[in-house]
Amino acid sequence: MNHLDINQIKEIIPHRHPFLLVDYIEDYVPGEFAVGYKCVTFREDFFAGHFPKEPVMPGVLTIEALAQVGAVAILSLPENKGKTAYFAGIDKCRFKGKAVPGDKLRLETKIIKKKGPMGVGEAIASLDGKIIARAELTFMIA
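In what follows, the accompanying structure is described. Everything numeric here is computed off the predicted structure, so don't read it as measured data.

Summing up its helical and strand segments, the protein chain has two helices and six strands in all. Shown N-terminal to C-terminal, the secondary structure of the protein chain runs as helices and strands in the order α-β-β-α-β-β-β-β. Taken against the 2.2 N^0.38 rule, which gives 14 Å for 142 residues, the C-alpha radius of gyration of the protein chain at 14 Å falls within 12% of a compact globule. By principal-axis analysis of the C-alpha atoms, the protein chain measures approximately 45 × 30 × 25 Å. The buried share of the protein chain, reckoned over its 142 residues, is 46%. Counting contacts in the protein chain only where the partners sit at least 6 residues apart, residues at least 24 apart contribute 61% of the total. Only carbon and sulfur atoms are counted for the fraction: they give 55% of the accessible area of the protein chain, which is about 7,800 Å². Of the side chains in the protein chain, 19 bear a positive and 17 a negative charge, and the two mean positions are spaced by 4 Å.

The next subject is the nonpolar core. Within soluble globular proteins, side chains that are nonpolar tend to cluster in buried spots. Counting residues in hydrophobic clusters, the biggest one holds 39 residues, and the most contacted among them are Ile9, Ile13, Ile25, Met57 and Leu105. Taken together, the elements giving at least two residues each to this core come down to helix H1 (6-12), strand S1 (24-29), helix H2 (59-75), strand S4 (104-115), strand S5 (118-127) and strand S6 (130-141). In this structure, Met57 is in contact with Lys38, Val40, Phe46, Phe47, His50, Thr62, Ala99 and Leu105, ignoring residues within four places of it in sequence.

Here we come to unusual backbone geometry. Between His17 and Pro18 the backbone carries a cis peptide bond, its omega angle lying at 10 degrees. Among the structural elements, Pro18 can be located in the loop between H1 and S1. Following His50, the chain continues into Phe51 via a peptide bond in cis, with omega recorded as -10 degrees. Counting through the fold element by element, Phe51 comes out in the loop between strand S2 (33-39) and H2. Backbone geometry at Lys92 places phi at a positive 50 degrees, although glycine is not the residue there. Here Lys92 is to be found in strand S3 (residues 85-95). The phi torsion at Asp128 lies on the positive side, around 50 degrees, for a residue other than glycine.

Further remarks concern the pattern of salt bridges. Inspection of every chain in the model, using the stated rule, returns four salt bridges. Ionic pairing is found between Lys92 and Glu136, a salt bridge with its closest N-O pair at 3.5 Å. With Lys92 in strand S3 and Glu136 in strand S6, this residue pair connects regions lying 44 residues apart in the sequence.

Within the element layout of this structure, Tyr24 appears in strand S1. Spatially, the C-alpha atom of Tyr24 lies 11 Å from that of Ala65, the residues being 41 residues apart in sequence. In contact with Tyr24, other than residues within four places in its own chain, are Leu4, Ile9, Gly36, Tyr37 and Lys104.

Take a nonpolar patch on the surface next. Side chains of Tyr86, Met118 and Met140 sit close together on the surface and give an oily, nonpolar patch of about 270 Å² of accessible area. Tracing the backbone through its elements, the reader meets Met118 in strand S5.

Each value, and the rule that gives it
Residues numbered from 1 in each chain as written. Predicted model: local features only at pLDDT ≥ 70, side-chain atom pairs only at ≥ 80, totals over all residues. Heavy atoms only, no water. Helix = DSSP H or I, 4+ residues; strand = E, 2+ residues; numbered from the N terminus. Rg over C-alpha atoms; globule rule 2.2 N^0.38 Å. Buried < 20%, exposed > 50% of the residue type's maximum accessible area, 1.4 Å probe, protein only. Contact = heavy atoms within 4.5 Å. Areas by Shrake-Rupley, 256 points an atom, 1.4 Å probe, with all protein chains shown as cover. Lys, Arg positive; Asp, Glu negative; His and termini not counted. Charge placed at Lys NZ, Arg CZ, Asp CG, Glu CD. Core = buried A, V, L, I, M, F, W, Y, C linked by side-chain atoms within 4.5 Å. Salt bridge = Lys/Arg side-chain N within 4 Å of Asp/Glu carboxyl O. Patch = residues over 30% accessible without salt bridge, like charges linked within 9 Å, V, L, I, M, F, W, Y side chains within 5 Å.

In structure tokens, the structure reads:
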């Protein structure tokens, strides 16, 4: 297993606090897949307004966290070092649950298509083995 701590992740993707949504990578193969985790804490900036009486991690940020894990997979290829992966599309997105403070969100993105600077990742977010979100994420490397 290849794993990455937060400092190693920051060497691969350009995201920084408060928008870096991956705490560590448990395993990855460059250009193929990555599995990471987000430890959701009550101190997240977005909980101040989403929602004050029932803190829920916004679904769009769950998708962003999945994209960041996918970016680790694709940008860890030597030819992509120093580049950025941009969203080009989100398809087949479904939410089936929510993440709240105290959750350890498992994020897995598999690269299923690559052609030139474009590609697609199949992404799944889960909690304790239960899928809470899934989507196909199209990206462009620039």
